[in-house]
Amino acid sequence: MLHLELILLTCCIVFIVDLSGISNTIKKMLWLWLKPNKQYQDFNVKLITCSLCLTHHILLLYIIFLGEFCITNYFIICLLSFATPIIKDTLVLIKDILVKIIDTLYFLINKI
């Protein structure tokens, strides 16, 4: 059950960091707070813009707080962190498939 929770948390983190755009919003808010009189320039904050890093840190804290830390669980966390680009592409693929299905349904409904 813990491994399923780790996979689901990884998918949520990848969605939030890579697909939702919240990290760009946070970066702009930080820029406005730190340098209010300067024009925005994109910068990188690994803590909020790297799904691999964030997945590793959050899942590590998760298993430590649950008292489930062992080398096997840590290895799974490393694998899930490493797989974040694949998970991102899979989420985008699922979205594209669902959009195609919905478009096909609309086409069939309008054809009737």
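Residues numbered from 1 in each chain as written. Predicted model: local features only at pLDDT ≥ 70, side-chain atom pairs only at ≥ 80, totals over all residues. Heavy atoms only, no water.

Description of the side chain of Ser81
By the element assignment, Ser81 lies in helix α5 (residues 71-82). Contacts of Ser81, omitting those with residues within four sequence positions, involve Leu52, Thr55 and His56. (Helix = DSSP H or I, 4+ residues; strand = E, 2+ residues; numbered from the N terminus. Contact = heavy atoms within 4.5 Å.)

Side note on the confidence of the model for the protein
Low pLDDT means the predicted atomic positions in that stretch should not be read closely. Scored by pLDDT, the protein has a mean of 93; 100% of the residues are at 70 or more. α5 holds the highest mean pLDDT among the elements of the protein, 97, whereas helix α3 (residues 46-49) holds the lowest, 81. (pLDDT = per-residue confidence, 0-100.)

Let's talk about the pattern of salt bridges
Counted by the stated rule, this structure contains two salt bridges. In this structure, the salt-bridge partner of Asp42 is Lys27, at a minimum N-O distance of 2.7 Å. Linking Asp42 in the loop between α2 (22-34) and α3 with Lys27 in helix α2, this pair joins segments that are 15 residues apart in sequence. A relative accessible area of 5% places Lys27 in the buried class. Note that Asp96 is salt-bridged to Lys95, the shortest N-O span being 3.8 Å. (Salt bridge = Lys/Arg side-chain N within 4 Å of Asp/Glu carboxyl O. Buried < 20%, exposed > 50% of the residue type's maximum accessible area, 1.4 Å probe, protein only.)

Points about helix α4 (residues 51-66)
Owing to its 3.6 residues per turn, the α-helix aligns residues three or four sequence positions apart on the same side. An ideal rise of 1.5 Å per residue puts 22 Å on 16 residues; α4 measures up with 22 Å between its terminal C-alpha atoms. The secondary structure elements touched by the buried residues of α4 are α1 (2-19), α3, α5 and α6 (84-111). (Expected span 1.5 Å × (residues − 1).)

Let's talk about the packing of aromatic side chains
What describes a pair of aromatic rings is the distance from one ring centre to the other and the angle between the planes of the rings. In the structure shown here, the tally under the stated rule is four aromatic pairs. Relative to Tyr40, the ring of Trp31 lies with its centre 5.8 Å away and its plane at 80°, an arrangement referred to as edge-to-face. Between Phe69 and Tyr74 the ring centres are 6.1 Å apart and the planes differ by 55°, which places this aromatic pair in the tilted class. One aromatic cluster is present, formed by Trp31, Tyr40 and Phe43 through successive ring pairs. Looking at Lys28, its charged tip hangs above the ring of Tyr40, at a distance of 5.8 Å from the centre. (Phe/Tyr/Trp six-rings, centres within 6.5 Å; stacked < 30°, edge-to-face > 60°. Lys NZ or Arg CZ within 6 Å of the ring centre and 35° of its normal.)

A look at the nonpolar core
Of all hydrophobic cores here, the largest spans seven residues; its members are Leu2, Leu6, Leu59, Leu60, Ile63, Ile77 and Leu80. Those elements that provide at least two residues to this core are α1, α4 and α5. Ranked by residue count, the leading element in this core is α4, at three residues. Beyond its immediate chain neighbours, meaning those up to four positions away, Ile63 contacts Leu2, Leu6, Glu68, Phe69, Asn73, Tyr74 and Ile77. (Core = buried A, V, L, I, M, F, W, Y, C linked by side-chain atoms within 4.5 Å.)

What about the packing of α1 against α6?
One can describe the packing of α1 onto α6 by two numbers: an axis separation of 10 Å at closest approach and a directional angle of 80°. Taken together, the axes of α1 and α6 lie roughly perpendicular to each other. In this structure, α1 contributes Thr10, Cys11, Val14, Phe15, Asp18 and Leu19 to the contact, and α6 contributes Thr84, Ile87, Lys88, Leu91 and Val92. Taken together, the residues of the contact of α1 with α6 break down into seven nonpolar, two polar and two charged. (Axes fitted to C-alpha atoms, helices over the stretch in contact; angles between N-to-C directions. Parallel < 35°, antiparallel > 145°, perpendicular 65-115°, else oblique. Nonpolar A, V, L, I, M, F, W, Y, C, P; charged D, E, K, R; others polar.)

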